[in-house]
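Report on the structure
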Amino acid sequence: MPISDRNAPVLTAAEMRAAEAAVIAGGVPEYALMQRAGKAAAEIIWRAGAKRETLVLCGPGNNGGDGYVIAKALRDYGVPVKVAALADPVTESARQARAEWGGAVEGFFHVETHFAQVVDALFGTGLTRGLEGEVAARLVQLVEASERSYAIDIPSGISTDDGMPLSAVPHFDLCIALGQWKRAHMLRPATGHWRRKHLCDIGIPAPDATLFRLERPRLSPPADDAHKYTRGLVAAVAGEMPGASALAAEAAARGGAGYVRLIGVQSVNRTSHAIVRASMKNEAALSDPRIRALLIGPGLGRGEAGAERLGQALVHSHPVVLDADALWHLAEGAMAALPENAILTPHAGEFAQIFANLSGLDISGTVIELAVTAAQSSGAVVVLKGPTTVVAGPDGRAVVADAAPSWLSTAGTGDVLAGLCAARLAVTGDPFRAAAEAVWLHGEAARLAGPAFLADDLLPYIPAAIAACL
Ligand SMILES: NC(=O)C1=CN([C@@H]2O[C@H](COP(=O)(O)OP(=O)(O)OC[C@H]3O[C@@H](n4cnc5c(N)ncnc54)[C@H](O)[C@@H]3O)[C@@H](O)[C@H]2O)[C@@H](O)CC1
Ligand SMILES: Nc1ncnc2c1ncn2[C@@H]1O[C@H](COP(=O)(O)OP(=O)(O)O)[C@@H](O)[C@H]1O
Ligand SMILES: [K+]
């Protein structure tokens, strides 16, 4: 079940084949799907490249079949087109598409090298191994010699399910995904092989997917009769480095919480006056039943004092966001104390530290498998942060965020994300939804902040990020 109807599914090659088979079983011939796919891709290429001379490279399978349909459609638009084939078609649909193209088909190695545009329809989701060395080298040569290049469905040589290149893969201007997003469209290093990507809807509904692309969430303003507690009270516990918890607390306040209480810090320069401070000695500040989300970890410290604070904070079983040093203590054995409705926000290093220590857990695969396995084994929502961030729930659902600006790779942005997770948890009461909303707001605030920002600079952009979701 998607978290919202805006979240498009992200499929494996097998899931894509099953989705296609279901449509074919429903009475739509495979060749009709190929026509839709090729025509949709050709329209995009024509819009981008107008009447530039185009070389379409066709492989033996249905990806090559798409290529012949594209070539014919471009010719119908009046574009000068040449086709070069690596091998003859081996599927019925591809043979039919080649027959309908009806024009000349040149040899892959013999066609001239310089074209304004190159379309790669050699291999798609049916790739089973890397391209032979000279084939890959020729593809790179043709693409690099062109002014514009398009990968049909997936760049040839990229493995659909993990985004890994199995042979040398060139860089394309546009990757045109067919039917549904596949995992490689979201995962590094594949995502570094195109400047832009576009999904063509060809009428293939997704099966019951468990992985979705993170899209802009829909948020609601506070209810007419809201007050600060109904909007959500976040309690943030500070530690050795109070600046980090202050950053997180302020992000929580701007992220939609009605009330943010920062516990265990005496003085922090430049923290908003709206954030209420309380002492760790004030028992009621932590046990307050109105707390809807507890946030602990940023700046907590890895020593005894930090461990003690974490223990004190978890006693009350509030829904919790655990980040940074709290995750470090978790890896040291505090996992069993996790309350329900917990969100863990590790980066790759913290992730390895926590989950490598859990015996019997197979942590291998892409960031998607890692996050899903960790969520299932811990019972918490896991936000595996990085250039591609994955939010996974214990029920096996996951969303993948593929488009956050790399300017986020600066100290303190994780604290801001933790604060946003706490705010959304307090507002929604749903840790999976909260984490997904927080990751999107974080990325959007970064987009709005522009280049070379400090983590603090994200804070004033959070309201604008929220405004984009109302
Ligand atoms: N799934 C769908 O809904 C649709 C898929 N279509 C297209 O069909 C593609 C998948 O088609 P196929 O399953 O026929 O697979 P491909 O066209 O990706 O390639 C499979 C063929 O290439 C061979 N092969 C695989 N790796 C090779 C290598 N490294 N060197 C040489 N030969 C290799 C295989 O033995 C097989 O013959 C999609 O990527 C998409 O472009 C579209 O035509 C229409 C709709
Ligand atoms: N190259 C990148 N592209 C996009 N987002 C990134 C990149 N590098 C880091 N981020 C994001 O920046 C944040 C960094 O968090 P973290 O590693 O905890 O830093 P800190 O502990 O300094 O706050 C995470 O949300 C992560 O997803
Ligand atoms: K391709």
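On a predicted model such as this, the values are computed, not experimentally measured, just so you know. (Residues numbered from 1 in each chain as written. Chains lettered and ligands numbered in written order. Predicted model: local features only at pLDDT ≥ 70, side-chain atom pairs only at ≥ 80, totals over all residues. Heavy atoms only, no water.)

The terminal C-alpha atoms of helix α2 (residues 30–49), which comprises 20 residues, lie 28 Å apart, in line with the 28 Å expected from a rise of 1.5 Å per residue. All of the buried residues in α2 are Y31, L33, M34, Q35, A37, G38, A40, A41, A42, I44, I45 and G49. With its phi angle positive at about 50°, A50 sits one or two positions after the end of α2. (Helix = DSSP H or I, 4+ residues; strand = E, 2+ residues; numbered from the N terminus. Expected span 1.5 Å × (residues − 1). Buried < 20%, exposed > 50% of the residue type's maximum accessible area, 1.4 Å probe, protein only.)

Here we come to the domain arrangement of the protein. Taken domain by domain, the protein consists of domain 1 (10–210) and domain 2 (228–467). Spacing between the C-alpha centres of domain 1 and domain 2 amounts to 41 Å. Each side of the interface is counted separately: domain 1 has 10 residues, and domain 2 has 11 residues. Summed over both partners, the interface of domain 1 with domain 2 comes to about 770 Å²; 61% of that surface belongs to carbon and sulfur atoms. Linking domain 1 with domain 2 are two salt bridges, by the criterion used here. Between E369 and R183 there is a salt bridge whose closest N-O contact spans 2.6 Å. Seen at the junction of domain 1 and domain 2, the total is three residue pairs in polar contact (both at pLDDT 80 or more). (Domains from an automatic or database assignment. Contact = heavy atoms within 4.5 Å. Buried area = accessible area lost by both parts, 1.4 Å probe. Salt bridge = Lys/Arg side-chain N within 4 Å of Asp/Glu carboxyl O. Polar contact = N/O pair within 3.5 Å; in protein donor to acceptor, adjacent residues only side chain to side chain.)

Attention now moves to the pattern of salt bridges. Taken as a whole, this structure holds 20 salt bridges when the rule is applied. Between R302 and D325 there is a salt bridge, with its nearest N and O atoms 3.4 Å apart. Of this pair, R302 sits in the loop between β14 (291–296) and α9 (304–314) while D325 sits in helix α10 (residues 324–331), and the two are 23 residues apart along the sequence. A salt bridge links R433 to E437, with the nearest nitrogen and oxygen atoms 3.2 Å apart. With R433 and E437 both in helix α14 (residues 431–449), this residue pair falls four residues apart, about one helical turn. Among the residues examined, R433 registers a relative accessible area of 30% and is labelled partly exposed. Residue E437 is classed as buried on the basis of its relative accessible area, which comes to 4%.

Surrounding ligand 2, one finds 17 residues, the nearest of these being K385, G386, T389, G412 and G414. Contact between ligand 2 and K385: an oxygen atom at 2.6 Å from a side-chain N or O atom of the residue. If one sorts the elements of the shell around ligand 2 by residue count, helix α13 (residues 413–428) sits on top with four residues. Within the shell around ligand 2, the residues separate by chemical class into six nonpolar, nine polar and two charged. (Near = heavy atom within 4 Å. Nonpolar A, V, L, I, M, F, W, Y, C, P; charged D, E, K, R; others polar.)

Before going further, it helps to examine the coordination of the potassium ion (ligand 3). At 2.6 to 3.0 Å from the potassium ion (ligand 3) lie its protein donor atoms, namely N63 (OD1), D120 (O), F123 (O), I152 (O) and I154 (O). For the potassium ion (ligand 3), the single-chain donor residues occur in sequence as N-x56-D-x2-F-x28-I-x1-I. One end of the pair, F123, is in the loop between β5 (117–121) and α5 (133–145); the other, I152, is in strand β6 (residues 148–152), with 29 residues separating them in the sequence. (Donors = N, O, S within 2.8 Å, 3.2 Å for Na, K, Ca; no water.)

Once that is clear, we can look at the site of ligand 1. Close to ligand 1 lie 23 residues, the nearest being N63, D66, G124, R129 and D153. Between a nitrogen atom of ligand 1 and a side-chain N or O atom of E20, the distance comes to 3.1 Å. Coverage of ligand 1 by the protein chains reaches 83% of its 880 Å² of free accessible surface. Broken down by secondary-structure element, the contributors of at least two residues to the shell around ligand 1 are α1 (13–25), α2 and α3 (62–76). Top element by residues in the shell around ligand 1 is α3. It accounts for three residues. (Areas by Shrake-Rupley, 256 points an atom, 1.4 Å probe, with all protein chains shown as cover.)

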